[in-house]
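# Structural overview
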There are 2 protein chains.
Amino acid sequence: MHIAITGAAGMVGRKFAESVARDPVLGTRTVERLTLWDVVQPQPPAGFAGRVDCLSTDLADPAQAQALVAQRPDLIVHLAAVVSGEAELDFDKGYRVNLDGTRHLFEAIRQLSADGYHPRVVFASSIAVYGAPLPYPIPDDYHQTPLTSYGTQKAIDELLLADYSRRGFFDGIGIRLPTLCVRPGKPNKAASGFFSSIVREPLIGQEAVLPVPEDVRHWHASPRSAVGFLRHAATLDLARVGPRRNLTMPGVSVTVGEQIEALRRVAGEKAVRLIRREPDPAITEIVRGWAPGFAATRARELGFVAESSFDEVIRAHIEDELGGRLP
Amino acid sequence: MHIAITGAAGMVGRKFAESVARDPVLGTRTVERLTLWDVVQPQPPAGFAGRVDCLSTDLADPAQAQALVAQRPDLIVHLAAVVSGEAELDFDKGYRVNLDGTRHLFEAIRQLSADGYHPRVVFASSIAVYGAPLPYPIPDDYHQTPLTSYGTQKAIDELLLADYSRRGFFDGIGIRLPTLCVRPGKPNKAASGFFSSIVREPLIGQEAVLPVPEDVRHWHASPRSAVGFLRHAATLDLARVGPRRNLTMPGVSVTVGEQIEALRRVAGEKAVRLIRREPDPAITEIVRGWAPGFAATRARELGFVAESSFDEVIRAHIEDELGGRLP
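Values in this document were obtained by computation on a predicted structure and should not be read as measured data. (Residues numbered from 1 in each chain as written. Chains lettered and ligands numbered in written order. Predicted model: local features only at pLDDT ≥ 70, side-chain atom pairs only at ≥ 80, totals over all residues. Heavy atoms only, no water.)

### What to know about the packing of helix 6 (residues 193-203) of chain B against helix 8 (residues 256-267) of chain B
When two helices pack together, their arrangement is captured by the angle between the axes and the distance separating the axes. Residues and elements named next belong to chain B. Two numbers describe how helix 6 lies on helix 8: the axes approach to 11 Å, and their chain directions differ by 20°. By the angle between their directions, the pair helix 6 and helix 8 is classed as roughly parallel. Between helix 6 and helix 8 lies a crossing whose hand is right-handed. Residues Phe194, Phe195, Ile198, Val199, Pro202 and Leu203 of helix 6 touch helix 8, and the partners they reach there are Val256, Gln259, Ile260, Leu263 and Ala267. Residues that form the contact of helix 6 with helix 8 fall into these classes: 10 nonpolar, 1 polar and no charged. (Axes fitted to C-alpha atoms, helices over the stretch in contact; angles between N-to-C directions. Helix = DSSP H or I, 4+ residues; strand = E, 2+ residues; numbered from the N terminus. Parallel < 35°, antiparallel > 145°, perpendicular 65-115°, else oblique. Left-handed = near helix turned anticlockwise from the far one by under 90°. Contact = heavy atoms within 4.5 Å. Nonpolar A, V, L, I, M, F, W, Y, C, P; charged D, E, K, R; others polar.)

Next up, the structure:
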């Protein structure tokens, strides 16, 4: 089978492509071809035996969306997006990429659907479709009232995906990813950055800054789980899902204090001492509006699996990014 | 103040303009100018003392949206839409008018917002943003999972309205209208047509066809209430509404059997005998997926008022369309 990945140069796209290279069997089919798209040139995953095409592209250009779809991939994993902070700073760019880009992609598929083309589309949505005030846990049937332009764009994309699927233009499924933790790489300026940083840096003996109180509760899953969600969404029987095609993925709901306790259990007091409290009221206010956690009942019933504790989330990072042991 | 109405030739647009002509005081301001837009040329309301401009236009053309907004109306009542059945039959037209047309209007306002233009926008949404299976009553925080392209487009417009309002481009409020009953005029082919027909025709001594069983439950308000919702939305303090700008309007939840009992109370057995049962499995299946009724708690708390019984809905029709008495 042929898989096309948009946003393939991002962290999730890279990890998904690497996963396919390691294990190219998805359900009953074997992946023979990968098409990797992103605005920056993606890199081919190591060890993939099939054909790989890596292209620098802009889905916000309808002709480029058509060019991707003209290759008739069996599965399109649509990850391309302007991130939350950037979509908030640059209104036009956020709508152009996150809304128009997605719509161009869906439209390009619809144009070919009359010829019998009917791919699966796996769309990475986000828990940012929810906006405060939020209950805990948030039930599957809770309304979407995003408080960012990014969340608005993802919620709109979800609606389009469900309607295009209902009309028979493709077979779509939207998966709302939790905050991915522990994100590999360097500390960044994103408001959510500390959730990963307070684990990632101490594990390698470096200091991390905690800008919020320990009672802040949020919803996490590992990058490894995100790849698992994509693989499952690629093969799941969508007749079981029905017309409500957008699902909140499972995860682990923990307070920052519980994150720190998990770090203590996994890496000891030495690691915890590297977390420096530096309260930031602006970040605290932003993060207090985020989702504390979800029931995610439907997704679990449909076989999506995440970690069952934050200790597991930390261990997944140690295994996947630190060679399985602490330095 | 200057009010612009899109979709002004439709039933709700005409009734709203007539209401403004009769009572031009909205809150603390007096309406001195009306701009009526529709794809078909709207008619000026009788008796309006101020200036009226009636224009045949297409909002799906960005330049025309800009032309409307360039007049800087204080209030834009956005009613223009391709109806549900047509949006389902003509995919491109539905998206072009109901999504792109709305977005062009919002964008045109945003382009002027840098100059300090900041109108109120009252958007007519629909309970079609909800799709089966649905609980009864549907709570205010229930998710939007439309099962029509029309409902999808309205749900997307709601998200855009909330985001543009949050970003400060205009002050928007979306009101989800119940099925309007009793619709004046002739019987039509819409799946919902019988809800009005089984009251409207018998009241004037004509036969009406009932295609569904009497246990079908649905959510109604009179056209008079719809006008009241628009007037209230035009003046409501939106600081009280907060960022969740889309509200399900109040209404009356009744079964078809309860509609018929109300007709019996208001117009007697003679009227009821004019309802002819002619079961239609296709219409029954469509209508069974529709919303049975809502809590509408927020809207009621914010002062939106509908009828409190279906008897009142019938009486409003007799007063507004039949001169206050049965023929």
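### A closer look at the sheet that holds strand 7 (residues 120-126) of chain A
Residue and element names in this part refer to chain A. The parallel open sheet is built from 7 strands, whose spatial order is 5-4-1-6-7-8-12. In the strand order of this sheet, the two ends are held by strand 5 (51-56) and strand 12 (246-248), each with one partner. Taking the axes of each pair of neighbouring strands and ignoring which way they run, one obtains an average angle of 15° across the sheet. Here helix 2 (residues 62-70) sits on the sheet in contact with strand 1 (2-6), strand 4 (33-38) and strand 6 (75-78), set at roughly 170° to strand 4. (Pairing = 2+ DSSP bridges.)

### Remarks on the packing of helix 2 of chain A against helix 4 (residues 91-113) of chain A
Residue and element names in this part refer to chain A. Here helix 2 crosses helix 4 at 50°, and the two axes come no closer than 8 Å. As summarised for this structure, helix 2 and helix 4 are arranged oblique, according to the angle between their axes. Where helix 2 crosses over helix 4, the handedness of that crossing is right-handed. From helix 2, Pro62, Ala65, Gln66, Leu68, Val69 and Ala70 reach across to helix 4, where they touch His104, Leu105, Ala108, Ile109 and Leu112.

### Let's talk about the relation of the copies chain B and chain A
With an axial shift of 0.0 Å and an RMSD of 0.0 Å, the rotation relating chain B to chain A amounts to 180°. Put plainly, the chains are arranged around a two-fold axis. Nearest to the rotation axis, the C-alpha of B:His143 is located 1.9 Å from it, this being the minimum over chain B. Here 100% of the interface residues in chain B have copies in chain A that are interface residues too; the copies meet face to matching face. (Least-squares fit on C-alpha atoms with pLDDT ≥ 70 in both.)

### Comments concerning the pattern of salt bridges
Side chains carrying opposite charge are able to pair once their charged atoms draw close together. Residues and elements named next belong to chain B. Overall, the coordinates contain 55 salt bridges over all chains when judged by the stated rule. Among the ionic pairs, Asp215 bridges to Arg288, the shortest N-O distance being 3.1 Å. Here Asp215 is found in the loop between strand 10 (208-210) and strand 11 (217-221), whereas its partner Arg288 is found in helix 10 (residues 281-288), with 73 residues between them in sequence. The class of Asp215 is partly exposed, set by a relative accessible area of 48%. (Salt bridge = Lys/Arg side-chain N within 4 Å of Asp/Glu carboxyl O. Buried < 20%, exposed > 50% of the residue type's maximum accessible area, 1.4 Å probe, protein only.)

### Quick look at the interface of chain B and chain A
At the junction of the two partners, chain B supplies 36 residues and chain A supplies 36 residues. Roughly 3000 Å² of surface becomes buried between chain B and chain A when both sides are summed, with 51% attributable to carbon and sulfur atoms. Together, B:Phe91, B:Leu159 and B:Arg244 form the three largest contributors to the area buried by chain B at its contact with chain A, with a combined 23%. At the junction of chain B and chain A, the tally comes to 8 salt bridges. Put simply, A:Arg167 and B:Glu88 hold a salt bridge, and the shortest N to O gap is 3.4 Å. Counting across the chain B and chain A interface gives 30 residue pairs in polar contact (both at pLDDT 80 or more). Sorting elements by how many residues they give to the side of chain B that touches chain A places helix 5 (residues 149-166) of chain B first, with 9 residues. Residues that form the side of chain B that touches chain A fall into these classes: 17 nonpolar, 7 polar and 12 charged. (Buried area = accessible area lost by both parts, 1.4 Å probe. Polar contact = N/O pair within 3.5 Å; in protein donor to acceptor, adjacent residues only side chain to side chain.)

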